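Survey of secondary and tertiary structure
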Amino acid sequence: MTAAGDGPEEPDGLAERKMRFLFALRSRGVTDPRVLMAMERIDRGRFVRGVFADRAYEDMPLPIACGQTISQPSVVGLMTQALAVTPRDKVLEVGTGSGYQAAVLSLLARRVYTVDRHRRLVREAADLFATLDLTNITALTADGSFGLPEQAPFDRILVTAAAEDPPGPLLAQLKIGGIMVLPVGQSDTVQSLIKVTRLDRGFDYEELRPVRFVPLVEGLGQD
Ligand code: SAH
């Protein structure tokens, strides 16, 4: 038997858990209708594996392969909202991880490039993008602290690992009028999420909120 209100193909309580997931996003400040629509359409349950899959619709970060984490959904929502993505935008994400954030971005942008220093994460995320028919995402293994010079400049850049300062190459690869959202600060402390806008001359910096991300590490990973 399925619980009342579930669709015929949904296991017990799944529809209700997904509703609570969206409610939690709204109550934590994710109010942009396009972001909420994208996060309703991209099923986080597809991006979490093993014993943690059961907790995919809770508003918490969860472990993924290579000792990394899939970010907390409300943080994904707030970062996506701050990035103010438009359908014309070419976006770079640094830190593919599970691929969840890139998948959400792909519904809002024209084209998404996502890079991770772990080959395995890139391979698994690329497989998922193909399965989900998200054809406007390109996932690549690279050290994202250097950006992606061959595809630069970008309208939007989202970094999902913390650096002590915004990396120079990423600032340089942002278009004028472009926006970058990233956590800055030391990895073992609370970091600040900041929004950087490239002006005609120089950059404008806005501090958004405290966050905690895994560190941006130089060089490629072992796996
Ligand atoms: N956006 C992800 C979560 C990212 S966790 C998601 O939606 O699931 C941060 C990721 O940044 C990790 O996968 C880590 O491997 C990656 N990372 C850390 N330093 C990096 C670097 N220099 N270049 C590219 N990726 C990096």
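So, how was this worked out
- Residues numbered from 1 in each chain as written.
- Predicted model: local features only at pLDDT ≥ 70, side-chain atom pairs only at ≥ 80, totals over all residues.
- Heavy atoms only, no water.
- Core = buried A, V, L, I, M, F, W, Y, C linked by side-chain atoms within 4.5 Å.
- Buried < 20%, exposed > 50% of the residue type's maximum accessible area, 1.4 Å probe, protein only.
- Helix = DSSP H or I, 4+ residues; strand = E, 2+ residues; numbered from the N terminus.
- Pairing = 2+ DSSP bridges.
- Axes fitted to C-alpha atoms, helices over the stretch in contact; angles between N-to-C directions.
- Contact = heavy atoms within 4.5 Å.
- pLDDT = per-residue confidence, 0-100.

It is worth spelling out the nonpolar core at this point. Met 39, Phe 47, Leu 83, Tyr 100, Phe 129 and Val 181 are the most contacted members of the largest nonpolar core, which has 50 residues in total. Counting residues per element, the ones that place at least two in this core are helix H1 (14–27), helix H2 (33–41), helix H3 (73–83), helix H4 (100–106), helix H5 (119–131), strand E5 (137–141) and strand E7 (174–184). At six residues, the largest contribution of residues to this core is made by H3. One finds Leu 148, Leu 170, Leu 174 and Ile 194 within the second-largest nonpolar core, a separate group that totals 17 residues.

So, about the sheet that holds strand E6 (residues 154–159). Taken together, seven strands build an open sheet; the order of strands is E5-E4-E3-E6-E7-E8-E9 and the sheet is mixed. Of all the strands in the sheet, the pair left with one neighbour each is E5 and strand E9 (203–211). Across the sheet, the mean angle from the axis of one strand to that of its neighbour is 15°, orientation sign disregarded. Of the strands in this sheet, strand E3 (90–94), E6, E7, strand E8 (191–198) and E9 are in contact with H3, which crosses E7 at around 160°. Those strands touched by H5 are strand E4 (111–116) and E5, and its axis lies near 165° from that of E5.

Residues of the protein chain with pLDDT of at least 70 account for 95%, and the chain-wide mean is 94. A low-confidence stretch, residues 1–6 stays under pLDDT 50, and its non-local contacts, those more than four residues away or across chains, total 14 contacts.

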